[in-house]
Amino acid sequence: MAATQSEISTAPAAAPAANPLFPFVLQLADTSLILAHRLSEWCGHGPVLEQDLALANIALDLLGEARSYYQYAAELEGRGRTEDDLAYLRSAVEYRNPLLVEQPNGDFAHTIVRQFLFDNFHYHLLKELQSGPDARLAAIAEKSVKEASYHLKWSSEWLIRLGDGTPESRQRLDKAIATLWRFAGELTTPTALETNLQELGLLPDYAALLPAMQAHAAHVLAEATVPLPAAPFAQQGGKSGRHSEHLGYLLAELQYLQRTYPGLTW
Amino acid sequence: MVTTSPPAPTEARIWQLLEEVSDPEVPVLSILDLGIVRAVAVDGEHITVTITPTYSGCPAMSAIATDIRLRLLAEGYRQVTIHNQISPAWTTDWMSQAGRSKLEAYGIAPPIDGTASGHVLNLFGQDTAVRCPLCKSAHTHLVSQFGSTACKALYQCDDCREPFDYFKCHA
């Protein structure tokens, strides 16, 4: 305990510069955590039991992935913060998740479109990260991509069912696409941090992910009989800490336990 | 008063003890059947057990680490380090043949290697022909890729009509 206190008191002057990957790993962690929380809000409300379980399972995979990133981020930062501190004791403006994942669940179609847009990006990013130069990040990606492939298959099949389903499901799907497609661009638009990491060779070039992502989206939308949305204006800001109003409410619930009973551990 | 210290640990002995630690979610399987123990190292009194987590969010993993510690402690081994190694990533290919037989006898269809759901463009593809663990019929269908735990999918038998868990291939 004494040692920890002395480390904290000397930290501002003595701490080395955090590893340049730290903020990026934190961004990955925030992204998976926030989406996991959104999906877990479905628990007990899923349209049928099997899909209730699917949503909870996907939430659990993302939560486990988020923990792996937070643990690594805490080590990269090297200033004594733990995975719990990073997940539960930061404010909304410190979160680096893209805007898409904090969007409210809406109806099932809304959740499916959000999930499809994320899964398509997530799966292809993990595929690249697993052969990247940072061994720890590659190991987490190698593990997570297996799970992400199940997620993408699930959300792709649901997007097709809803699009090629009943007039009601189609109308809801169209509405969800009209609302959410604008958040897709942020996923692959690099921030200054990401551009820097790409130049250092620590992060794959997002532009290189686009052909595979676009091909998958085109295939799924064609199966769903839904026209490919025109490239819209991209809503951005989450990866730089400028969030929609929804994140604050989400964090109020997510962080309630840790802030009320400080010191709980994962 | 005489205190007896346990015999010095050997790797062989530790492997024997680990066979007695079961998966809390699938209790018929030992952690060796599951293939999550990668290595055992003994250095004097100090034991290091290296395990590989199954699914990222599997809540059984911390329980398993605790159970390993408790099982070794019961033998008097106090200096135990559990090392988590995430690469290479766990795969059901590491599951033992004994484990697969035990699973089926317990009512869970064992994984069929080479059928991982990694082909994301194979949408609505043919379901894997999974044998019903109860009546052994191959006439079954997938209900959901996501079952009662992260490692299982839900199937139903078209002959005996029973729903059952399939321990899905994870390669």
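All figures in this text were calculated on a predicted structure; none of them were measured in a lab.

**Side note on the sheet that holds strand β3 (residues 80–84) of chain B**
Residue and element names in this part refer to chain B. The 3 strands lie next to each other as β1-β2-β3, forming an open sheet whose pairing is mixed. The sheet is open, and its two borders are formed by β1 (37–43) and β3, each paired with just one other strand. For this sheet, the mean inter-axis angle between neighbouring strands, taken without regard to orientation, is 15°. Packed onto the sheet, helix α1 (residues 11–18) meets β1 and β2 (46–51) and runs at close to 140° relative to β1.

**Observations concerning the packing of helix α2 (residues 22–40) of chain A against helix α3 (residues 49–77) of chain A**
Residue and element names in this part refer to chain A. Orientation of α2 relative to α3, taken along the N-to-C sense of each, is 155°, at an axis distance of 8 Å. Compared by their axis directions, α2 and α3 come out roughly antiparallel. Between α2 and α3 the crossing geometry is left-handed. When grouped by side-chain class, the residues that make up the contact of α2 with α3 number 20 nonpolar, 2 polar and 3 charged.

**Details of the confidence of the model for chain A**
In this model, chain A carries a mean pLDDT of 92, and residues with pLDDT of at least 70 account for 93%. A low-confidence stretch, residues 1–13 of chain A stays under pLDDT 50, and its non-local contacts, those more than four residues away or across chains, total 1 contact.

**Describing the packing of aromatic side chains**
With the rule as written, the count across this model stands at 10 aromatic pairs over all chains. A centroid spacing of 5.1 Å and a plane angle of 90° characterise the contact between F108 of chain A and W158 of chain A, whose relative ring orientation is edge-to-face. Here W158 of chain A lies in helix α7 (residues 135–163) and F108 of chain A lies in helix α6 (residues 108–129), a separation of 50 residues in the sequence. Among the aromatic residues, those joined into a ring-pair cluster are W42, F108, Y150, W154 and W158 of chain A together with F146 of chain B. Between R90 of chain A and the ring centre of Y95 of chain A, over which it is positioned, the NZ or CZ distance is 4.5 Å.

**Brief notes about the sheet that holds strand β4 (residues 108–109) of chain B**
What the 4 strands build is an open sheet, ordered β4-β7-β6-β5 (chain B); its pairing is mixed. Because the sheet does not close on itself, it has two edges, and the strands there are β4 and β5 (140–144) of chain B.

**A short note on the pattern of salt bridges**
Residues and elements named next belong to chain B. Inspection of every chain in the model, using the stated rule, returns 19 salt bridges over all chains. Between R13 and E75 there is a salt bridge whose closest N-O contact spans 3.0 Å. Taken together, the residues span a long stretch of sequence, with R13 in helix α1 and E75 in the loop between α3 (60–74) and β3 at a distance of 62 residues. The closest approach of N and O atoms between E20 and R71, which form a salt bridge, is 2.7 Å. Residue E20 is located in the loop between α1 and α2 (31–34), and its partner R71 is located in helix α3; the two are separated by 51 residues in the primary sequence. Its relative accessible area of 49% is what places E20 among the partly exposed residues. Bridged by salt links that share partners, the residues R13, E20, R71 and E75 form one connected network.

**Topic: the pairing of strand β7 (residues 163–167) of chain B**
All names here are of chain B. Extensive coverage of β7 is indicated by the burial of 4 of its 5 residues. Where β4 meets β7, 2 bridges bridge the pair, whose relative direction is parallel. Counted as the bridge partner of I108 is D165 from β7. Both strand β6 (residues 152–157) and β7 contribute to a ladder of 5 bridges, which runs antiparallel.

**Quick notes on the nonpolar core**
If you look at the biggest cluster of nonpolar residues, it comprises 112 residues, and the most contacted ones within it are Y70, W154 and L159 of chain A together with V49, I68, L72 and F167 of chain B. The residues contacting W154 of chain A, other than those within four sequence positions of it, are Q51, A54, L55, I58, F108, I112 and Q115 of chain A together with F146 of chain B. In this structure, A153, Y155, F164 and C169 of chain B belong to the second largest nonpolar core, which totals 9 residues.

**As for the environment of E199 of chain A**
Residue and element names in this part refer to chain A. Its place among the elements puts E199 in helix α10 (residues 192–199). You can call E199 exposed: its relative accessible area is 65%. As a C-alpha pair, E199 and V93 span 106 residues in sequence and 26 Å in three-dimensional space.

**Notes on the interface of chain A and chain B**
Each partner contributes to the interface: chain A provides 30 residues, whereas chain B provides 32 residues. Across the chain A to chain B interface the summed buried area is about 2,700 Å²; carbon plus sulfur atoms make up 64%. Considering only the side of chain A, the residues that lose the most area to chain B are K143, K146 and Y150 of chain A, jointly responsible for 29% of the buried surface there. Inspection of the region where chain A meets chain B yields 0 salt bridges. Among the secondary structure elements, those contributing two or more residues to the side of chain A that touches chain B are α3, α7 and α11 (206–223) of chain A. The element contributing the most residues to the side of chain A that touches chain B is α7 of chain A, with 17 residues. Partitioning the side of chain A that touches chain B into residue classes produces 12 nonpolar, 8 polar and 10 charged.

**Quick word on unusual backbone geometry**
Residues and elements named next belong to chain B. Following S87, the chain continues to P88 via a peptide bond in cis, the omega torsion being 0°. As for its placement among the helices and strands, P88 is situated in the loop between β3 and α4 (97–106). Non-glycine residue K136 carries a positive phi angle of around 70°. Following the sequence through the fold, K136 ends up in the loop between β4 and β5.

**Looking at α2 of chain A**
Look at α2 of chain A: 27 Å from first C-alpha to last across 19 residues, which is about the 27 Å you get at 1.5 Å a residue. Within α2 of chain A, 17 of the 19 residues are buried, leaving the element largely enclosed by the surrounding structure.

**Quick look at α7 of chain A**
Residues and elements named next belong to chain A. End to end, α7 covers 40 Å across 29 residues, agreeing with the expected 42 Å (1.5 Å per residue, within 8%). Along α7, the helix axis deviates most sharply at V145, where the bend reaches about 35°. A large share of α7 lies buried, amounting to 25 of its 29 residues.

Thresholds applied
- Residues numbered from 1 in each chain as written.
- Chains lettered and ligands numbered in written order.
- Predicted model: local features only at pLDDT ≥ 70, side-chain atom pairs only at ≥ 80, totals over all residues.
- Heavy atoms only, no water.
- Pairing = 2+ DSSP bridges.
- Helix = DSSP H or I, 4+ residues; strand = E, 2+ residues; numbered from the N terminus.
- Axes fitted to C-alpha atoms, helices over the stretch in contact; angles between N-to-C directions.
- Contact = heavy atoms within 4.5 Å.
- Parallel < 35°, antiparallel > 145°, perpendicular 65-115°, else oblique.
- Left-handed = near helix turned anticlockwise from the far one by under 90°.
- Nonpolar A, V, L, I, M, F, W, Y, C, P; charged D, E, K, R; others polar.
- pLDDT = per-residue confidence, 0-100.
- Phe/Tyr/Trp six-rings, centres within 6.5 Å; stacked < 30°, edge-to-face > 60°.
- Lys NZ or Arg CZ within 6 Å of the ring centre and 35° of its normal.
- Salt bridge = Lys/Arg side-chain N within 4 Å of Asp/Glu carboxyl O.
- Buried < 20%, exposed > 50% of the residue type's maximum accessible area, 1.4 Å probe, protein only.
- Core = buried A, V, L, I, M, F, W, Y, C linked by side-chain atoms within 4.5 Å.
- Buried area = accessible area lost by both parts, 1.4 Å probe.
- Expected span 1.5 Å × (residues − 1).
- Bend = angle between axes of the 7 residues up to and from the residue.

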